[in-house]
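Next come the chains, spelled out residue by residue.
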Amino acid sequence: MLKKEKIYIDMDFDGLRSDIVQMLGGGHIKVNTLSFQNDMSTFVTKDDVLTLLIHLGYLGYDSETKKAFIPNREILGEFENAMSTGGWTEIMHILKSSEKLHDPS
């Protein structure tokens, strides 16, 4: 994941970090893509950051439900690598522990 995108996630617009954690766990997040200003420097809400991540291919988007999600394991790995530093260590530890509970092999 690009450093610039991680900076926006770390800013935690409107609870963005908790939404990212939910997606890391396989969840889907409601997002308003219509508010995006179509540039990489004007971010007012978490929807702006999520829409940018959709445009860059880091998130998938279901146009029927208007929800964003992490589209595959490769991108999930990118998020995990980016989140393994900068205050996300405990969150990543919890997610890894949760994965072990679901897949004890």
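Residues numbered from 1 in each chain as written. Predicted model: local features only at pLDDT ≥ 70, side-chain atom pairs only at ≥ 80, totals over all residues. Heavy atoms only, no water.

Remarks on the overall build of the protein
- Within the protein, the secondary structure is distributed over 5 helices and 3 strands.
- Counted from the first residue to the last, the protein has its helices and strands arranged as α-α-β-α-β-β-α-α.
- Per-residue burial for the protein yields a buried fraction of 36% across its 105 residues.
- Taking all contacts inside the protein whose residues are at least 6 apart in sequence as the whole, residues at least 24 apart take part in 55%.
- Of the roughly 6,300 Å² that the protein leaves accessible, carbon and sulfur atoms contribute 53%. (Helix = DSSP H or I, 4+ residues; strand = E, 2+ residues; numbered from the N terminus. Buried < 20%, exposed > 50% of the residue type's maximum accessible area, 1.4 Å probe, protein only. Contact = heavy atoms within 4.5 Å. Areas by Shrake-Rupley, 256 points an atom, 1.4 Å probe, with all protein chains shown as cover.)

Some points on the sheet that holds strand 3 (residues 67-69)
- Strand order in the open sheet made by the 3 strands is 1-3-2, with antiparallel pairing throughout. Edge positions in the open sheet fall to strand 1 (29-30) and strand 2 (60-62), since each of these has one partner strand only.
- Bridging between strand 2 and strand 3 involves 3 bridges; their strand directions are antiparallel. If you follow Tyr 61 over to strand 3, its bridge partner there is Ala 68. (Pairing = 2+ DSSP bridges.)

Describing the pattern of salt bridges
- One pass over the structure, following the stated rule, counts 1 salt bridge.
- With a closest N to O distance of 2.6 Å, Lys 46 and Asp 19 form a salt bridge. One end of the pair, Lys 46, is in helix 3 (residues 46-55); the other, Asp 19, is in helix 2 (residues 16-24), with 27 residues separating them in the sequence.
- Residue classification places Asp 19 among the buried residues on the basis of a relative accessible area of 8%. (Salt bridge = Lys/Arg side-chain N within 4 Å of Asp/Glu carboxyl O.)

A short note on unusual backbone geometry
- Of note in this structure, Asp 14 is not a glycine but carries a positive phi near 50°.
- Classification of Asp 14 by relative accessible area gives exposed; the value is 53%.
- Its identity as a non-glycine residue notwithstanding, Lys 66 has a phi of 60°, on the positive side.
- Inspection of the secondary structure puts Lys 66 in the loop between strand 2 and strand 3.
- Lys 66 sits in the partly exposed class, given a relative accessible area of 43%.

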